[in-house]
Amino acid sequence: MMRKLVVLQLSIAFVCVQAASAPAAMNPDTGPGCGLGKLAWAEFKQQKNIAPQILMGITNQFFPPFNQAFGISSGTSGCTNDKKYWSEERATVFAQLSFDNLSQEMAQGQGEHLASLATLMGVPAEHQAEFFAMTQERYLALIQAGDGSPAAMVKALHEAITHHPVLAKLATSR
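Residues numbered from 1 in each chain as written. Predicted model: local features only at pLDDT ≥ 70, side-chain atom pairs only at ≥ 80, totals over all residues. Heavy atoms only, no water.

**Examining the environment of threonine 59**
Then, in step 1: Within the secondary structure, threonine 59 is located in helix 3 (residues 50-62).
Then, in step 2: Not counting residues within four places of it along the chain, the set of residues in contact with threonine 59 comprises Leu36, Gly37, Ala40 and Trp41. (Helix = DSSP H or I, 4+ residues; strand = E, 2+ residues; numbered from the N terminus. Contact = heavy atoms within 4.5 Å.)

Take a look at the structure:
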């Protein structure tokens, strides 16, 4: 039974390594990321080589109380949980789904979709009036930012927030 479990874990690890090789070009850190394995083998030179990565992954698998899921959710073991990425991703997905409505509401400086986007971007309700005014004032620059896509618009909104006198203070306090 134990032998089958080890074979299964190694098979899963092999499949995961193969699956991870495709997006590796987008992310320069192709290692196991964080967890006890990353901490235990931190001093190992050339961590991007296959041997230390396997050692890190195996260590993470065989010490479940200190695994990556725990580290990520608790922000320990070299992992972070700043929630920033997911917040930005939710805003981008929402913008993609409602781009036409958002575009119209940004031009008007008000609307339910714009209020939802502000909430997803972490703008508190009491400061959404400033957010609405900013989107209306910078409408053309925000809509035409980058390639004119919803993702480029959200990125431009984040940039505009960091330069806004009131909203920038909110962004740095999060």
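So, next bit.
**A few points about helix 3**
Then, in step 1: End to end, helix 3 covers 18 Å across 13 residues, agreeing with the expected 18 Å (1.5 Å per residue, within 8%).
Then, in step 2: Among the residues of helix 3, those classed as buried are Pro52, Gln53, Met56, Thr59 and Asn60. The buried side chains of helix 3 occupy one side of the element, clustering within an arc of 130° when seen end-on. (Expected span 1.5 Å × (residues − 1). Buried < 20%, exposed > 50% of the residue type's maximum accessible area, 1.4 Å probe, protein only. Arc of directions from axis to C-beta.)

**Digging into the nonpolar core**
Then, in step 1: Leu117, Phe131, Met153 and Leu157 are the most contacted members of the largest nonpolar core, which totals 25 residues.
Then, in step 2: When residues of this core are traced back to their parent elements, those giving at least two are helix 5 (84-97), helix 6 (99-108), helix 7 (112-120), helix 8 (128-137), helix 9 (139-143), helix 10 (150-163) and helix 11 (167-173).
Then, in step 3: The biggest single contributor to this core is helix 10, with 6 residues.
Then, in step 4: Sequence-distant contacts of methionine 153, defined by excluding residues within four places in its chain, comprise Ala95, Phe99, Leu102, Met106, Leu117, Leu142 and Ile143. (Core = buried A, V, L, I, M, F, W, Y, C linked by side-chain atoms within 4.5 Å.)

**Some points on the packing of aromatic side chains**
In this description, a pair of aromatic rings is defined by centroid distance and the angle of the planes.
Then, in step 1: Applying the stated rule across the entire model yields 1 aromatic pair.
Then, in step 2: Aromatic side chains phenylalanine 131 and phenylalanine 132 sit 6.4 Å apart centroid to centroid with 65° between the ring planes, which places their arrangement in the edge-to-face category. Each member of the pair phenylalanine 131 and phenylalanine 132 is classed as buried. (Phe/Tyr/Trp six-rings, centres within 6.5 Å; stacked < 30°, edge-to-face > 60°.)

**Considerations on the side chain of threonine 135**
Then, in step 1: As for its position among the elements, threonine 135 is in helix 8.
Then, in step 2: The contact partners of threonine 135, leaving out residues within four places of it in the chain, are Met106, Leu114, Leu142 and Leu157.

**Comments concerning helix 10**
Residue pairs spaced three or four apart in an α-helix point in one direction, given the helix's 3.6 residues per turn.
Then, in step 1: When the terminal C-alpha atoms of helix 10 are compared, their 20 Å separation across 14 residues agrees well with the 20 Å that a helix rising 1.5 Å per residue should span.
Then, in step 2: Every buried residue belonging to helix 10 is among Pro150, Ala152, Met153, Val154, Ala156, Leu157, Ala160 and Ile161, and all of these are buried.

**Notes on the packing of helix 6 against helix 7**
Then, in step 1: The contact between helix 6 and helix 7 brings their axes to 8 Å, and the two run at 95°. Comparing the axis directions of helix 6 and helix 7 gives the class roughly perpendicular. When helix 6 is examined against helix 7, the residues Asn101, Leu102, Glu105 and Met106 are found in contact with a partner set consisting of Glu112, His113, Leu114 and Leu117.
Then, in step 2: The residue makeup of the contact of helix 6 with helix 7, split by class, is 4 nonpolar, 2 polar and 2 charged. (Axes fitted to C-alpha atoms, helices over the stretch in contact; angles between N-to-C directions. Parallel < 35°, antiparallel > 145°, perpendicular 65-115°, else oblique. Nonpolar A, V, L, I, M, F, W, Y, C, P; charged D, E, K, R; others polar.)

**What about a nonpolar patch on the surface?**
Then, in step 1: There is a patch of nonpolar side chains on the surface, built from Ile50, Ile54, Ile58 and Phe62 and spanning about 370 Å² of accessible area.
Then, in step 2: Within the secondary structure, isoleucine 54 is located in helix 3. (Patch = residues over 30% accessible without salt bridge, like charges linked within 9 Å, V, L, I, M, F, W, Y side chains within 5 Å. Areas by Shrake-Rupley, 256 points an atom, 1.4 Å probe, with all protein chains shown as cover. Salt bridge = Lys/Arg side-chain N within 4 Å of Asp/Glu carboxyl O.)

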